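Coordinate analysis (summary)
In case you want the letters, here they are:
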Amino acid sequence: MNITIDINGKDVTASIEPRVTLLDFIRDVAGLKGTHAGCEHGVCGACTVLLDGEAVRSCLILAAQAEGNSITTIEAVDGTARQPGELSVIQDAFCEAHGLQCGYCTPGMVLAAKTLLQHTPAPSREQVREAISGNICRCTGYMQIIDAIMLAAERLQGLNQPADGA
Amino acid sequence: MKSASFDYIRPETLDAACACLASHPDARIIAGGQSLVPMLAMRLARPSMVIDIAHIDGLSTIQETTDTVVIGAMVRQAAALSDPMIAKHLPLLAKALTHVGHPPTRARGTVGGSLVHADPSAEIPLVAVTLGANLRMREAGDDIAFHAEEFFIGPMLTLIPPTACLFEICFAKPSSAHVGTGFHEIAARRSDYALAAAAAHIEADDTGAVQDLRLAIGGVSDFPQRLPLDIHIDVSGDMTDTDTRLTTAIDAALDSVDFVEDMHASASYRRRVAAELARRAVDDALREIAQDLP
């Protein structure tokens, strides 16, 4: 079947089998490899993307179901405002707080954090735990990830900007 | 972790979806897909056709009548969780929804999908049984309905006819102004399947005498079930022995439950935990009523 999905503001059209998931569409058709394939049955959260701004698991959505929705992947986490390679505030906070080691879960964590901070700009640590409760990390032990999201929340509210204002 | 092949159809009316079910006996309906897609990926389900009901008008609304709240089958769990009408009239459902999966699955998963999937540990079926919801479905052009308490007959098994499609769930609003609710569950980790869960919905009259006490448990047997309690409680009266009487009444009611045993928990563990969670759920509900009384 022919389907068209808006991914990061661009319409991607392809003829696919109905069994193709949104995850495989993003990685193999749109060629965006930042969305990671983990368990492929909805347990690990590595494949998290934003669907109309909300974090969802792309492995649990058929590509055909996503027609008509707009999808945001890690490649466009900060819209189009930044240069390629430049980190968003949330990504930068993950680096600074050591919120990643191998990085496999990180795109999902960052997008789960983005949804949280859109709804709750000043979350409690408990709310952060709830927001990432569907994302598994086998390296960090989660504490630095929570630190990173708390740091990103502060920065996004302008409470803890770097001294030079950059 | 790739599905077997299937055809995909996106009907625009309920009758078209039912016709499709009738012409393809092994077709499956997909709503939010948060249970079905993993089953497809693990090839536990291999339907020849998947029928996507997301484009049928009118399945995604929450409506209020004088004494009911009617939730469309395609209403997303996240939408139900943030709905002020549900928070006001169905506080038990609002409490339970915070335990359903986690934010990314609630953004896609639906109220109706969870009901017809009928996982024994699922929270929404437990609430439907507690509150005596009415499940309305279309079959061959006719509207039929099932009472939640009779609908669930086994793990992932319900009385839904093979060619029927659930379209809305009707909950009665509380008839009293003094309502208390409680919901507790235990799982291996947050957002995992409940090993045991308990839901309580209690209504009292203006003097604090309990008129309607509804308690149900889930996750411990093949399907969620009500626990009839032989107990009289007056919230504004002498409450000193309530806890003891409640524990005894719950224990007696649990005698009729056939507890399951699996690799995650023994039957005796489930019974002990269910008893405690049930006590806490009733306790929460009574406390809410007591705070609310003048």
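Just so we're clear, the structure is a prediction, and the values are computed from it rather than from any experiment.

Observations concerning the overall build of chain A
Of regular secondary structure, chain A possesses 5 helices and 5 strands. Taken from N to C terminus, the helices and strands of chain A fall in the order β-β-α-β-β-β-α-α-α-α. Relative to a compact globule of 166 residues, whose C-alpha radius of gyration would be 15 Å, chain A shows 16 Å and is just as compact. Across its three principal directions, the C-alpha atoms of chain A cover 50 × 30 × 25 Å. When each of the 166 residues of chain A is scored for burial, the buried share is 45%. Put simply, of all contacts in chain A between residues at least 6 apart along the chain, 58% involve residues at least 24 apart.

Describing the packing of helix α2 (residues 89-96) of chain A against helix α5 (residues 143-156) of chain A
Residue and element names in this part refer to chain A. For the pair α2 and α5, the least separation of the axes is 8 Å and the interaxial angle reads 135°. The orientation of α2 with respect to α5, classified from their angle, is oblique. Both α2 and α5 take part in a crossing whose hand is right-handed. Between α2, through Val89, Ile90, Ala93, Phe94 and Glu96, and α5, the contact on the second element is made entirely by Ala148, Leu151, Ala152, Arg155 and Leu156. When grouped by side-chain class, the residues that make up the contact of α2 with α5 number 8 nonpolar, no polar and 2 charged.

Focus on the environment of Pro155(B)
Residues and elements named next belong to chain B. Residue placement: Pro155 occurs in the loop between β8 (152-154) and β9 (157-158). Remark: the alpha-carbon pair of Pro155 and Ser121, spanning 34 residues in sequence, is separated by 9.0 Å. The contacts of Pro155, once residues within four sequence positions are left out, are Pro120 and Asp222.

Let's talk about the pairing of strand β3 (residues 49-52) of chain B
Residue and element names in this part refer to chain B. With 3 bridges connecting them, strand β1 (residues 7-9) and β3 associate as parallel partners. Note that in β3 the partner of Tyr8 across the bridge is Val50. Inspection of the sheet shows strand β2 (residues 28-30) paired to β3 by 3 bridges, in the parallel sense. Residue Ile29 lies in a different strand from β3, and its bridge partner there is Ile51. Read from β2 through helix α2 (residues 36-41) to β3, the crossover connection turns out right-handed.

Quick word on the domain arrangement of chain B
All names here are of chain B. You can read the domains of chain B as domain 1 (7-55), domain 2 (62-172) and domain 3 (178-292). The C-alpha centroid of domain 3 is placed 21 Å from the C-alpha centroid of domain 2. The interface is formed by 22 residues belonging to domain 2 together with 20 residues belonging to domain 3. Mapped by element, the contributors of at least two residues to the side of domain 2 that touches domain 3 are α5 (91-97), α8 (123-131) and β8. When residues in the side of domain 2 that touches domain 3 are grouped by element, the largest group, 7 residues, is from α8.

What about the sheet that holds strand β1 (residues 2-7) of chain A?
Residue and element names in this part refer to chain A. Sheet architecture is open: 5 strands sit in the order β2-β1-β5-β3-β4, paired in mixed fashion. On the outer flanks of this sheet lie β2 (10-15) and β4 (54-57), each paired with one strand and no other. Averaged over all adjacent pairs, the angle separating strand axes in this sheet is 40°, with direction ignored. As defined by bridge partners, strand β3 (residues 48-51) adjoins β4 across 4 bridges and the pair is classed as antiparallel. Bridging across to β4, Leu51 finds its partner in Glu54.

Some words on the sheet that holds β3(B)
Residue and element names in this part refer to chain B. Across the sheet, 3 strands lie side by side as β1-β3-β2; this open sheet has parallel pairing. One side of each edge strand has no neighbouring strand; the edge strands of this open sheet are β1 and β2. The mean inter-strand angle of the sheet, taken between neighbouring strand axes irrespective of direction, is 30°. Across the sheet, helix α1 (residues 14-23) is in contact with β1, β2 and β3; its angle to β3 comes to roughly 170°.

Criteria and cut-off values
- Residues numbered from 1 in each chain as written.
- Chains lettered and ligands numbered in written order.
- Predicted model: local features only at pLDDT ≥ 70, side-chain atom pairs only at ≥ 80, totals over all residues.
- Helix = DSSP H or I, 4+ residues; strand = E, 2+ residues; numbered from the N terminus.
- Rg over C-alpha atoms; globule rule 2.2 N^0.38 Å.
- Buried ≥ 20, exposed ≤ 12 C-beta atoms within 10 Å, placed from the backbone.
- Contact = placed C-beta atoms within 7 Å.
- Axes fitted to C-alpha atoms, helices over the stretch in contact; angles between N-to-C directions.
- Parallel < 35°, antiparallel > 145°, perpendicular 65-115°, else oblique.
- Left-handed = near helix turned anticlockwise from the far one by under 90°.
- Nonpolar A, V, L, I, M, F, W, Y, C, P; charged D, E, K, R; others polar.
- Pairing = 2+ DSSP bridges.
- Right-handed = clockwise from strand over helix to strand, strands pointing away.
- Domains from an automatic or database assignment.

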